[in-house]
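Letter by letter, the chains look like this.
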Amino acid sequence: QVQLVESGGGLVQAGGSLRLSCAASRRILRISTRGWYRQAPGKQRELVAILTSGGSINYADSVKGRFTISRDNAKNTMYLQMNSLKPEDTAVYYCNEHLPNPSYDYWGQGTQVTVSS
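Residues numbered from 1 in each chain as written. Predicted model: local features only at pLDDT ≥ 70, side-chain atom pairs only at ≥ 80, totals over all residues. Heavy atoms only, no water.

A. Examining the overall build of the protein chain more closely. Of the regular secondary structure elements, the protein chain holds 0 helices and 11 strands. Secondary structure elements of the protein chain occur, N-terminal to C-terminal, as β-β-β-β-β-β-β-β-β-β-β. Taken against the 2.2 N^0.38 rule, which gives 13 Å for 117 residues, the C-alpha radius of gyration of the protein chain at 14 Å falls within 12% of a compact globule. Taken along the three principal axes of its C-alpha coordinates, the protein chain extends 45 × 30 × 25 Å. With 117 residues in all, the protein chain has 43% of them scored as buried. As presented, the protein chain carries roughly 6,400 Å² of accessible surface, and 47% of it is formed by carbon and sulfur atoms. Averaged over its 13 positive side-chain charges, the protein chain has a centre that lies 5 Å from the centre of its 8 negative ones. (Helix = DSSP H or I, 4+ residues; strand = E, 2+ residues; numbered from the N terminus. Rg over C-alpha atoms; globule rule 2.2 N^0.38 Å. Buried < 20%, exposed > 50% of the residue type's maximum accessible area, 1.4 Å probe, protein only. Areas by Shrake-Rupley, 256 points an atom, 1.4 Å probe, with all protein chains shown as cover. Lys, Arg positive; Asp, Glu negative; His and termini not counted. Charge placed at Lys NZ, Arg CZ, Asp CG, Glu CD.)

B. Quick look at the side chain of Glu97. Within the secondary structure, Glu97 is located in strand 9 (residues 91-99). The exposure class assigned to Glu97 is buried, which follows from its relative accessible area of 0%. At a separation of 2.7 Å, a polar atom in the side chain of Glu97 contacts the side chain of Arg34. Each residue touching Glu97, except ones within four places of it in the same chain, is listed here: Val2, Leu4, Arg26, Leu29, Ser32, Thr33, Arg34, Tyr104, Asp105 and Tyr106. (Polar contact = N/O pair within 3.5 Å; in protein donor to acceptor, adjacent residues only side chain to side chain. Contact = heavy atoms within 4.5 Å.)

C. Representation of the pattern of salt bridges within the structure. Under the definition given, this model contains 6 salt bridges. Two residues, Arg34 and Glu97, come together in a salt bridge whose shortest N-O distance is 2.7 Å. Here Glu97 lies in strand 9 and Arg34 lies in strand 4 (residues 33-39), a separation of 63 residues in the sequence. There is no split in this pair, since Arg34 and Glu97 are both buried. Ionic pairing is found between Glu46 and Arg38, a salt bridge with its closest N-O pair at 2.7 Å. Residue class for Glu46 comes out partly exposed when judged on its relative accessible area of 36%. Salt bridges sharing partners connect three or more residues here, namely Arg38, Glu46, Arg66 and Asp89. (Salt bridge = Lys/Arg side-chain N within 4 Å of Asp/Glu carboxyl O.)

On their own, these measurements won't tell you what the molecule is for.
Here is the structure:
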């Protein structure tokens, strides 16, 4: 098992930046895929960015060029640097760890990001 704790959310004006952190209670497993998802009011949860077990990074088209996902294995922490924020980025952001075979997902409690226009 793992506990994931997000932090770094808040209120920011459009064009501003925030850095989200996701601290894990244990080391990041090589077989896991770690990622950030978000859910806006009235919408389904959607993928923002992921780091695959093979080292690949994928971003949602809506955040490409603005957001950067990274991790610090020594600190068991994953980050999401968000620049040039837009009001449509407003959502609760969740940290995720996906394990294969058997498939299982761990989620953090979420952190609110609000971007004002």
